[in-house]
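Architecture and fold: a report
The lines below spell out each chain.
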Amino acid sequence: MLANKWTPYVLGLLEKYQRPLRFTELRRNIEGITQKSLTQTLRSLERDGLISRTVYPTIPPRVDYALTELGVKAGRLTTAIADWSVDNALLVHAARRAFDGRSEATPPASFPPDR
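For every chain, the first residue of the written sequence is number 1, and numbering continues from 1 onward in sequence order. Local features are withheld for residues below a pLDDT of 70 in this predicted model, meaning they are given only at 70 or higher, and side-chain atom pairs are given and counted only at 80 or more; totals for whole chains, interfaces and linings count all residues. The side-chain quantities take in all heavy atoms of the structure and omit both hydrogens and water.

1. Considerations on the overall build of the chain
Counting its regular elements, the chain contains four helices and three strands. For this measure, only C-alpha atoms enter the radius of gyration; the expected value for a globule follows 2.2 Å times N^0.38, where N is the number of residues. The C-alpha radius of gyration of the chain comes to 21 Å, more than 25% above the 13 Å expected for a compact globule of 115 residues. C-alpha extents for the chain along the principal axes are approximately 75 × 25 × 25 Å. Across the 115 residues of the chain, 23% fall into the buried class. Methods summary: accessible areas were calculated by the Shrake-Rupley approach with a probe of 1.4 Å, and residue burial reflects only the protein chains presented. A total accessible area of about 8,800 Å² is found for the chain, and carbon and sulfur atoms account for 57% of it. Where the 17 positive side-chain charges of the chain centre and where its 12 negative ones centre are 6 Å apart. A run of H or I in DSSP becomes a helix once it reaches four residues, and a run of E becomes a strand once it reaches two; helices and strands are each numbered from the N terminus. Note on classification: 1.4 Å probe, protein chains only; a residue is buried when its accessible area is under 20% of the maximum for its type, exposed when over 50%, partly exposed between these limits. Counted as positive: Lys and Arg. Counted as negative: Asp and Glu. His and the chain ends are not counted at all. Charge positions are represented by NZ for Lys, CZ for Arg, CG for Asp and CD for Glu.

Right under this line is the structure:
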């Protein structure tokens, strides 16, 4: 569930604002997400117990989404991964350049090795 493309964004926003958010607030703050993808992500997170959904009997209906205790814990994990990514992005890119340079300079090894 945490590997879903949009899950870290939703959990991150709910954690960042520390308050329930409406569907439109979430959609406005997640660049590139469609209404359908956000709806599916929210349903999945609610089903898994990571967020709660509160419907208010107004016209039009108002719906708020908030992190549950389980969602707060999951948010810590996704935040840790995001922080690690930011902290180590330059090292990862350097490793990729080194690997790609090595791959271009040497012919691929045959498996099993020629004898």
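2. Quick look at the environment of Ile 30
As for its position among the elements, Ile 30 is in the loop between helix 2 (23–29) and helix 3 (35–47). Ile 30 sits in the buried class, given a relative accessible area of 2%. With 28 residues separating them in the primary sequence, Ile 30 and Thr 58 have C-alpha atoms 26 Å apart. Residue contacts follow a heavy-atom distance rule, with two residues in contact if any of their heavy atoms lie within 4.5 Å. Those residues in contact with Ile 30 that sit more than four places away from it in its chain are Trp 6, Tyr 9, Val 10, Leu 13 and Leu 38.

3. A look at the nonpolar core
Residues Val 10, Leu 26, Ile 30, Leu 38, Leu 42, Ile 51 and Tyr 65 are the most contacted members of the largest nonpolar core, which totals 18 residues. Put simply, the parts of the chain that give this core at least two residues each are helix 1 (7–17), helix 2, helix 3 and strand 3 (62–67). Among the elements that make up this core, the one with the highest residue count is helix 1 (four residues). For the purposes of this section, nonpolar cores are sets of buried Ala, Val, Leu, Ile, Met, Phe, Trp, Tyr and Cys residues that join through side-chain atoms within 4.5 Å.

4. Observations regarding the sheet that holds strand 3
The pairing criterion is simple: DSSP has to find at least two bridges between the two strands. The strand order across the open sheet formed by three strands is 1-3-2, and the pairing between neighbours is antiparallel. Edge positions in the sheet fall to strand 1 (21–22) and strand 2 (51–56), since each of these pairs with one other strand and no more. Both strand 1 and strand 3 contribute to a ladder of two bridges, which runs antiparallel. Note on strand 3: the bridge partner recorded for Leu 21 is Tyr 65. For helices, the axis comes from a line fit to the C-alpha atoms of the stretch in contact; other axes are also lines fit to C-alpha atoms, and the angle between any two N-to-C directions lies between 0 and 180 degrees. Sitting on the sheet, helix 1 is in contact with strand 1, strand 2 and strand 3, with an inclination near 90 degrees to strand 3.

On their own, these measurements won't tell you what the molecule is for.
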